[in-house]
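A look at the structure
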Amino acid sequence: MIELIQCPWSPYCLAQRRILEYSRAPFKVVNIPCGDPTLVWELTRGRYYQVPILKDGDNVLFETGSDSQVIAKYLDSSLGLHLFPKQWEGIQELIWPYIENDVEGIGFKLNDIYWKEFVEPEGAMRFLRHKERRYGRGCVDQWQANRNKLFAEFEAKLEPFEAMLASRPFLLDHHPRFVDFDLHGIVSNALYSGHYPFPKNSPRLKEWHGRLSKLRR
Ligand SMILES: N[C@@H](CCC(=O)N[C@@H](CS)C(=O)NCC(=O)O)C(=O)O
């Protein structure tokens, strides 16, 4: 049985979970306590401390670099999902860093503003300490103060994808590819708190997001 070791609101975990649901393969979700990756450290034998990781029998899969897609490529080849077809090689490699840095870099802040609503109380200190060590003391309050400006920036970052959907049902062609699931995870994270409408200038993206949220191959 495949096990997805994750954090429920993480953009990268949401992307892998949607790929697994799409694949129809039986799998189990294991949530780690917020900010405590002990299980990840143990399963990877001290080689990784981020989520997601995947356990499939004796195989433990985890990312080897900031832009690697070890887990998605493993699921693609072991489940035959056609997420990385030859005709899009090179192009997906250009697109996913934009999704995972430029878009995600704003999306997670929009969601983190409401962290008190989804982080378990025992994880509160670890969550805030992790954010403030990386983005500075009071960073979440600043994001809250800039909420509307951040949301407008987020909407603007999505415009290229809205344009891509003008002539096809998925970002690249008539089938969902890796970048579809990657972007779906990042958008789902930004909207995870339930406090945001779907970005208004993206009617096609809204329809695509709803369709991909329940798609099974
Ligand atoms: N490139 C990795 C990024 C994973 C990542 O940044 N995970 C975050 C959760 S969204 C994490 O585990 N953060 C905890 C930490 O860095 O200590 C992927 O695509 O899986």
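See above for the structure.
Residues numbered from 1 in each chain as written. Predicted model: local features only at pLDDT ≥ 70, side-chain atom pairs only at ≥ 80, totals over all residues. Heavy atoms only, no water.

What about the site of the ligand?
Here is the rule we go by: Nearness is defined per residue: one heavy atom within 4 Å of the molecule or strand is enough. In protein, a polar contact means a hydrogen-donor-capable atom and an acceptor-capable atom, both N or O and within 3.5 Å, with residues adjacent in sequence counting only if both atoms are side-chain atoms; elsewhere, any N or O pair within 3.5 Å suffices. Using a 1.4 Å probe, accessible areas were evaluated by the Shrake-Rupley method; residue-level cover was limited to the displayed protein chains. The way it works is a 1 Å grid over only the protein atoms, where trapped points that fit a 1.4 Å probe form a cavity and open points with protein on both sides within 12 Å along at least five of seven lines form a pocket, and then any residue with an atom within 4 Å of a point lines it. For a cavity or pocket, the test is whether more than half of a molecule's atoms lie within 2 Å of its grid points; if they do, the molecule sits there. Under this grouping Gly is polar, as are all residues other than the nonpolar Ala, Val, Leu, Ile, Met, Phe, Trp, Tyr, Cys and Pro and the charged Asp, Glu, Lys and Arg.
Lining the immediate environment of the ligand, one finds Ser10, Pro11, Tyr12, Tyr48, Tyr49, Gln50, Val51, Pro52, Glu63, Ser66 and His130. Take serine 66: an N or O atom from its main chain is 3.4 Å from a nitrogen atom of the ligand. Contact with the protein chains hides 77% of the accessible area of the ligand, taken as 510 Å² for the molecule alone. If you map the ligand onto the pockets, it falls in the largest pocket. Across the shell around the ligand, the residue classes break down as 6 nonpolar, 4 polar and 1 charged.

Quick look at the sheet that holds strand β2 (residues 27-31)
Convention followed: Strands are treated as partners if at least two bridges between them are detected by DSSP. Every helix listed is a DSSP run of H or I at least four residues long, and every strand listed is a run of E at least two residues long, numbered separately from the N terminus. The axes used here are C-alpha line fits, helices contributing only the stretch in contact, and every angle between their N-to-C directions lies in the interval 0 to 180 degrees. Throughout, a residue-residue contact means that at least one pair of heavy atoms, one from each residue, lies within 4.5 Å.
Strands sit in the order β2-β1-β3-β4 across an open sheet of 4 strands; the sheet is mixed. Looking at strand neighbours, the two that pair on one side only are β2 and β4 (59-61), the edges of this open sheet. Within this sheet the neighbouring strands show an average axis-to-axis angle of 20°, counted without direction. With 4 bridges joining them, strand β1 (residues 2-6) and strand β3 (residues 53-56) adopt antiparallel strand pairing. What sits directly across from leucine 4, in β3, is leucine 54. The strands touched by helix α1 (residues 11-23) within the sheet are β1, β2 and β3, with β1 carrying the most contacts at an inclination of about 160°. Sheet strands in contact with helix α3 (residues 70-79) are β1, β3 and β4, and its direction is about 35° off that of β3.

Regarding the pairing of β1
Going by this rule: Throughout, exposure labels follow a simple rule: accessible area from a 1.4 Å probe, protein chains only, divided by the maximum for the residue type, with under 20% read as buried, over 50% as exposed, and the rest as partly exposed. Throughout, right-handed denotes a crossover for which the path from the first strand over the helix to the second runs clockwise when the strands point away from the viewer.
Summarising burial for β1: 4 of the 5 residues are buried, a large majority. Bridge count between β1 and β2: 5 bridges; the pairing is parallel. When the sheet's bridge partners are listed, glutamine 6 is paired in β2 with asparagine 31. At this point the chain moves from β1, through α1, to the parallel β2, and the crossover so formed is right-handed.

Some details on the layout of surface pockets
Note the threshold: Grid points are joined across faces, edges and corners, and a volume is the space filled by probe spheres set on the points. Boundaries between domains were set according to an automatic or database domain assignment.
Roughly 1,200 Å³ of internal volume is contained in the largest pocket. Taken together, 40 residues make up the lining of the largest pocket; nearest its centre are Tyr12, Gln50, Val51, His130 and Arg134. Composition of the lining of the largest pocket by domain shows at least three residues from each of domain 1 (2-79) and domain 2 (86-214). Counted as a void, the second largest pocket has a volume near 160 Å³. Along the walls of the second largest pocket sit Ile113, Tyr114, Trp115, Lys116, Glu117, Leu128, Glu132, Gly138, Val140, Asp141 and Gln144, which together make up its complete lining. Among the secondary structure elements, those contributing two or more residues to the lining of the second largest pocket are α5 (124-135) and α6 (139-145). Of all the elements, α6 adds the most residues to the lining of the second largest pocket, at 3 residues. Split by residue class, the lining of the second largest pocket holds 5 nonpolar, 2 polar and 4 charged.

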